[in-house]
Each structure stands twice: as C-alpha cells, then as structure tokens.
Amino acid sequence: MKLIRYEMGGEASYGALQDDGAILGIDGCPYGDFEVGGAAANLSDVRVLAPVANPAKVIGVGLNYVLHIEESGMATPEIPMLFVKPSTAVIGNGDPIVYPTGVEEVEYEAELAVVIGKTARNVSEDDALDYVLGYTCGNDVSARAIQRAEMAMGCLLICKGFDTFAPMGPVITTDIDPSNLAVKARLNGEERQNSNTSDLLFNVPQLISYISDAITLLPGDVIYTGTPAGVGPMAPGDVVEIEIEGVGVLRNPVVAQE
C-alpha cells in the first residue's frame with residue numbers, strides 16, 4: 001500500500017494512492033487501526049504534503065554505505081554515526097529546497113527513509129521491522145563547508161538542519177523489503193547516484209535496534225538510513241530527484257533564499 005498525505009480544500013488528510021492516481025479515503029489513523037474506503041480524491045487535484053507531519057525526531061545516519069565510505073576516504077564506523085535533523089527541516093514533494101544566503105557547497109544525498117509505525121524501545125533486530133509503518137524517499141541536504149567545521153569540533157547539526165534540508169516523500173510504501181532496494185539521485189535529469197540498500201553497512205533492523213536501545217522511537221519518527229556514493233553539489237535553479245525502488249520519485253527544485 002502507498003499512503004499519501006495530501007491537502008485539498010485547505011484540509012490535510014491521509015489516503016491510499018492507487019496506480020491510476022485515485023486516492024482512497026482512510027478511516028482511522030495510519031499509525032493505528034484503519035480501514036481503506038472509497039474514492040476521496042485524485043492525485044491531479046491535490047497538493048502532496050510531506051508524508052509525516054511534524055515528526056518528533058528525524059534521525060540521520062552518516063557513512064552507512066560501503067562504497068560511500070571508500071569514496072570519502074574516512075574510517076569505517078564501528079557503530080552507527082547518528083545525528084538529528086529538526087522537524088522544521090521537513091518539506092514534501094514539489095516543495096523548494098532553499099539555498100541559504102552565504103552558505104557554500106550545499107549537496108544532495110539520496111536516502112531510504114524509514115517511517116516508524118508504533119512506539120519502539122529496546123527492540124531486537126529480529127523484531128525491528130514490526131515497528132515500521134513503511135518507507136519513503138529522503139534527501140539529506142547538507143552544507144559541506146559548515147559540516148567540515150562542525151565535525152572538526154565533534155558536532156553535527158546546523159549543516160544538516162537548515163529549514164527545508166529534509167525533503168521526504170512522495171508516499172509511504174508499507175509492503176517492501178528494505179534490504180534490496182535501488183536508490184538513485186538525479187540532478188536536472190542526469191543520474192548522479194545509483195546504488196542499492198544491500199550496500200548498507202548497518203541495515204534497517206540494526207539501526208532500529210541500536211537506536212531504540214537508548215531512545216524511544218515514536219510513531220511518525222523518521223530514520224534517514226544514509227546515502228550511497230555519488231553525492232554532489234546543487235545550486236539555485238537545479239531540480240533534484242530522489243528515486244527509491246517501490247516508493248517513487250521525490251522531486252524538489254532548488255531556490256535561492258530571498
């Protein structure tokens with residue numbers, strides 16, 4: 001099932017997106033019990049919103065693809081390298097990524113994003129996927145000059161946390177295996193990243209188990225699982241597309257800060 005969060009008539013709703021663009025209504029909450037009903041809207045008539053509204057946490061993972069680690073020339077992490085992106089960074093499909101004034105080297109990062117479906121604490125790897133609602137496309141937008149300065153001090157926040165630096169969407173797909181999914185990024189239609197989640201250093205169950213040992217994961221929390229090799233710069237006027245097999249394409253234009 002592909003869950004979509006959309007706006008029509010000034011009201012935000014969840015629905016089940018069909019292959020023909022029809023959106024079926026949902027009775028109940030996606031993070032609890034719900035039933036799919038009849039036609040409620042059509043994709044062409046709505047504004048697609050970020051698939052998660054105001055997540056309590058967006059947790060990112062650095063250096064989590066083997067080939068990207070080799071590309072970076074950095075040491076292989078022994079434990080997941082984690083950071084947090086604020087909820088104010090979240091935008092949806094079609095929303096503009098704002099390139100901040102005075103900031104250099106802003107780059108795209110294609111990522112599989114995991115949406116937590118129910119409260120998770122001290123979850124085993126074997127049970128971890130039972131706590132997942134589904135998966136969406138993520139773009140871990142990063143300001144590299146700031147990132148280098150922050151990492152030199154042992155921190156990682158502003159470079160990942162600017163408003164609009166956490167695009168996600170367009171839907172949450174509930175029934176795919178996260179262990180073997182194609183992950184791609186295109187800049188102005190030109191492919192820049194092409195990999196597979198099979199190259200992850202720490203896979204989805206390992207990440208959920210590791211994080212939940214210390215931090216309670218709540219329904220609607222999102223984990224950006226890391227980016228493969230091929231990250232690169234973008235600029236105002238560019239269009240970035242992130243494609244995850246089984247999910248779809250997240251498309252965002254880049255605009256200069258006013």
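Higher on the page you've got the structure.
Caption draft 1: Representation of the overall build of the chain. Counting its regular elements, the chain contains four helices and 20 strands. Relative to the globule expectation of 18 Å for 258 residues, the C-alpha radius of gyration of the chain, 17 Å, shows essentially globular dimensions. Seen through its C-alpha atoms, the chain measures out along the principal axes to roughly 55 × 45 × 30 Å. Buried positions account for 52% of the 258 residues belonging to the chain.

Caption draft 2: Broad picture of the environment of P51. Tracing the chain through its elements places P51 in the loop between β5 (47-48) and β6 (58-62). Setting aside residues up to four positions removed in sequence, P51 forms contacts with R5, Y14, Y31, T136, M168, G169, V171 and I172.

Caption draft 3: Main features of the side chain of Q147. Assignment of secondary structure puts Q147 in helix α2 (residues 144-152). Q147 has contacts with S142, L156, C159 and K160, leaving out every residue within four places of it along the chain.

Caption draft 4: Layout of the pairing of strand β2 (residues 11-17). In terms of strand pairing, strand β1 (residues 2-8) meets β2 through seven bridges, oriented antiparallel. When the sheet's bridge partners are listed, L3 is paired in β2 with A16. Where β1 folds back on β2, the antiparallel hairpin that results is connected by two residues, among which G9 adopts a positive phi of roughly 65°. As paired strands, β2 and strand β3 (residues 22-28) are joined by three bridges and run antiparallel to one another. Paired with G15 across the two strands is G25, which belongs to β3. What sits between β2 and β3 in their antiparallel hairpin is a turn of four residues, with G21 showing a positive phi close to 95°.

Caption draft 5: Local environment of the pattern of salt bridges. For the coordinates displayed, the defined rule picks out 13 salt bridges. Here D140 makes a salt bridge to K85, at a shortest N to O gap of 2.6 Å. With D140 in the loop between β12 (132-139) and β13 (142-143) and K85 in strand β7 (residues 81-85), this residue pair connects regions lying 55 residues apart in the sequence. You'll find D140 and K85 in the same group, each marked buried. A cluster of three or more residues bridged by salt bridges with shared partners is formed by K85, E107, E109, D140, R144 and K160.

Caption draft 6: A look at the sheet that holds strand β18 (residues 232-233). Spatially, three strands are ordered β13-β10-β18 in an open sheet, and the strand pairing comes out antiparallel. The open sheet has two edge strands with one neighbour each: β13 and β18. Here strand β10 (residues 106-108) runs beside β18; their pairing, made up of two bridges, is antiparallel. Among the inter-strand pairings, Y108 is bridged to a residue of β18, identified as G232.

Caption draft 7: Region of the structure containing a nonpolar patch on the surface. A surface patch of nonpolar side chains, about 260 Å² in accessible area, is lined by I79, L82 and Y210. Structurally, Y210 is set in helix α4 (residues 204-212). By relative accessible area, Y210 is classed as partly exposed at 34%.

Caption draft 8: Representation of the sheet that holds strand β9 (residues 97-99) in the model. Read from one edge of the open sheet, five strands run β9-β20-β19-β15-β16, paired in mixed fashion. Unpaired on one side and paired on the other, β9 and β16 (190-196) mark the two borders of the sheet. Strand-to-strand twist across the sheet, computed as the mean angle between neighbouring axes with direction ignored, equals 20°. Bridge count for strand β19 (residues 239-244) against strand β20 (residues 248-256) is six bridges, and the pairing is antiparallel. If you follow V239 over to β20, its bridge partner there is P253.

Caption draft 9: Molecular detail of the layout of surface pockets. What the largest pocket holds in volume is close to 330 Å³. As for the largest pocket, its lining consists of 22 residues, of which L63, H68, M74, R144 and Q147 are closest to the centre. Of all the secondary-structure elements, those providing two or more residues to the lining of the largest pocket are β6, α1 (66-72), β7 and α2. Ranked by residues supplied to the lining of the largest pocket, first place goes to α2 with four residues. For the lining of the largest pocket, a count of residues per class yields eight nonpolar, six polar and eight charged. Empty space within the second largest pocket amounts to approximately 170 Å³. Contributing to the lining of the second largest pocket are 14 residues, with R5, A50, V52, V90 and I91 lying nearest its centre. When residues of the lining of the second largest pocket are traced back to their parent elements, those giving at least two are β5 and β8 (90-91). Looking at the lining of the second largest pocket residue by residue, the classes come out as eight nonpolar, three polar and three charged.

What counts and what doesn't
- Per chain, residue numbering runs from 1 following the sequence as it is written.
- For a predicted model such as this one, the threshold for reporting local features is a pLDDT of at least 70, and the threshold for listing and counting side-chain atom pairs is 80 or more; totals across whole chains, interfaces and linings nevertheless cover every residue.
- Derived side-chain values reflect all non-hydrogen atoms in the structure, with water molecules and hydrogen atoms excluded from consideration.
- Runs of E in the DSSP output that reach at least two residues are strands. Runs of H or I that reach at least four are helices, and both are numbered from the N terminus.
- Both definitions apply: the radius of gyration is a C-alpha atom measure, and the globule rule equals 2.2 Å times residues to the power 0.38.
- Only protein chains enter the accessibility calculation, which uses a 1.4 Å probe; a residue whose area is less than 20% of its type maximum is buried, one above 50% is exposed, and one in between is partly exposed.
- Residue contacts follow a heavy-atom distance rule, with two residues in contact if any of their heavy atoms lie within 4.5 Å.
- Between any two strands, pairing holds if DSSP finds at least two bridges.
- What counts as a salt bridge is simple: a side-chain nitrogen of Lys or Arg found within 4 Å of a carboxyl oxygen of Asp or Glu.
- Surface patches are defined over residues having more than 30% relative accessible area and no salt bridge, joining like charges when they lie within 9 Å and nonpolar side chains (Val, Leu, Ile, Met, Phe, Trp, Tyr) when within 5 Å.
- A 1.4 Å probe and the Shrake-Rupley method give the accessible areas. Residues count as covered only by the protein chains that appear here.
- Axis angles are defined between N-to-C directions and span 0 to 180 degrees, where every axis is a line fitted to C-alpha atoms and, for a helix, only to the segment in contact.
- Think of a 1 Å grid over the protein atoms and nothing else: a 1.4 Å probe that fits but is trapped marks a cavity, an open set flanked by protein within 12 Å on at least five of seven lines marks a pocket, and residues with an atom within 4 Å of a point count as lining.
- Grid points are joined across faces, edges and corners, and a volume is the space filled by probe spheres set on the points.
- Amino acids are sorted into nonpolar (Ala, Val, Leu, Ile, Met, Phe, Trp, Tyr, Cys and Pro), charged (Asp, Glu, Lys and Arg) and polar (every other residue, Gly among them).

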